[in-house]
Amino acid sequence: MLARLLRPKHIASAHCDLPCGVYDPAQARIEAESVKAIMEKYAANEDPVFRARAITIKEERSELVKHHLWVLWTDYFKPPHLEAYPQLHQLFWDATKLAGAAGGKGTVDVAKADELLGKINEISDIFWETKKAA
């Protein structure tokens, strides 16, 4: 009797039209470009106060890169995307590591920022392919 009372009277299906419609890897790329620019400015300036500020801002921007990547990874990409693009797991792993302690947050090496931008571009290419298919 209780199961019958708790059973839904209507079954509905929905798609996240609003959130899925606003995702864009450009957010991660813009922050990663900021990280790279800060690294370049850091390298060109010997002032310790400037460098300390640069490190703080670079780490904040690196954290935002990770945030935007995680949102794409956890909210946008679905199992069918993984079937079509099995490299997604590794791409996101590599990109978030490059934004985190192993990269953007842990170094001022511009080459690491370039690697991060490369991974974001690969993710972006796949993202736009999936949007076309939808």
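You'll find the structure just up there.
Each value, and the rule that gives it
Residues numbered from 1 in each chain as written. Predicted model: local features only at pLDDT ≥ 70, side-chain atom pairs only at ≥ 80, totals over all residues. Heavy atoms only, no water. Helix = DSSP H or I, 4+ residues; strand = E, 2+ residues; numbered from the N terminus. Polar contact = N/O pair within 3.5 Å; in protein donor to acceptor, adjacent residues only side chain to side chain. Contact = heavy atoms within 4.5 Å. Core = buried A, V, L, I, M, F, W, Y, C linked by side-chain atoms within 4.5 Å. Buried < 20%, exposed > 50% of the residue type's maximum accessible area, 1.4 Å probe, protein only. Axes fitted to C-alpha atoms, helices over the stretch in contact; angles between N-to-C directions. Parallel < 35°, antiparallel > 145°, perpendicular 65-115°, else oblique. Left-handed = near helix turned anticlockwise from the far one by under 90°. Phe/Tyr/Trp six-rings, centres within 6.5 Å; stacked < 30°, edge-to-face > 60°. Lys NZ or Arg CZ within 6 Å of the ring centre and 35° of its normal.

(A) Examining the side chain of T96 more closely. Residue placement: T96 occurs in helix 6 (residues 88–99). A polar side-chain atom of T96 sits 3.2 Å from the main-chain carbonyl oxygen of W93. Filtering out sequence-adjacent residues up to four positions away, T96 remains in contact with K66, L69 and W70.

(B) Main features of the nonpolar core. L69, L72, F77, L116 and I123 are the most contacted members of the largest nonpolar core, which totals 21 residues. The set of elements that each furnish at least two residues to this core consists of helix 3 (26–43), helix 4 (48–76), helix 6 and helix 7 (110–133). Once you skip the residues sitting within four places of it in the chain, L116 turns out to touch A32, V65, A95, L98 and A99.

(C) Quick peek at the packing of helix 4 against helix 6. For the pair helix 4 and helix 6, interaxial distance at closest approach is 8 Å and the crossing angle is 165°. With respect to helix 6, the element helix 4 is oriented roughly antiparallel. You can see that helix 4 and helix 6 cross each other, and the crossing is left-handed. Every residue of helix 6 that contacts helix 4 at S62, V65, K66, L69, W70, L72 and W73 is listed here: L88, H89, F92, A95, T96 and A99.

(D) Main features of the side chain of H81. Relative to the helices and strands, H81 is located in helix 5 (residues 79–84). H81 sits in the buried class, given a relative accessible area of 16%. At 2.8 Å, the side chain of H81 and the backbone nitrogen of K78 are in polar contact.

(E) Highlighting the packing of aromatic side chains. Here the structure, examined in full by the defined rule, presents seven aromatic pairs. Judged by centre distance (5.0 Å) and plane angle (80°), the ring pair of Y76 and F77 falls under edge-to-face. Both residues of the pair, Y76 and F77, count as buried. Between F77 and F92, the ring centres sit 5.6 Å apart and the planes meet at 70°, which makes this aromatic pair edge-to-face. Within this pair, whereas F77 is found in the loop between helix 4 and helix 5, its partner F92 is found in helix 6, the two being separated by 15 residues in sequence. Grouping residues by exposure puts F77 and F92 together as buried. Within the aromatic cluster, the residues linked to one another by ring pairs are Y23, W73, Y76, F77, F92, F127 and W128. Lying across the ring of Y42, R51 places its NZ or CZ 4.1 Å from the centre.

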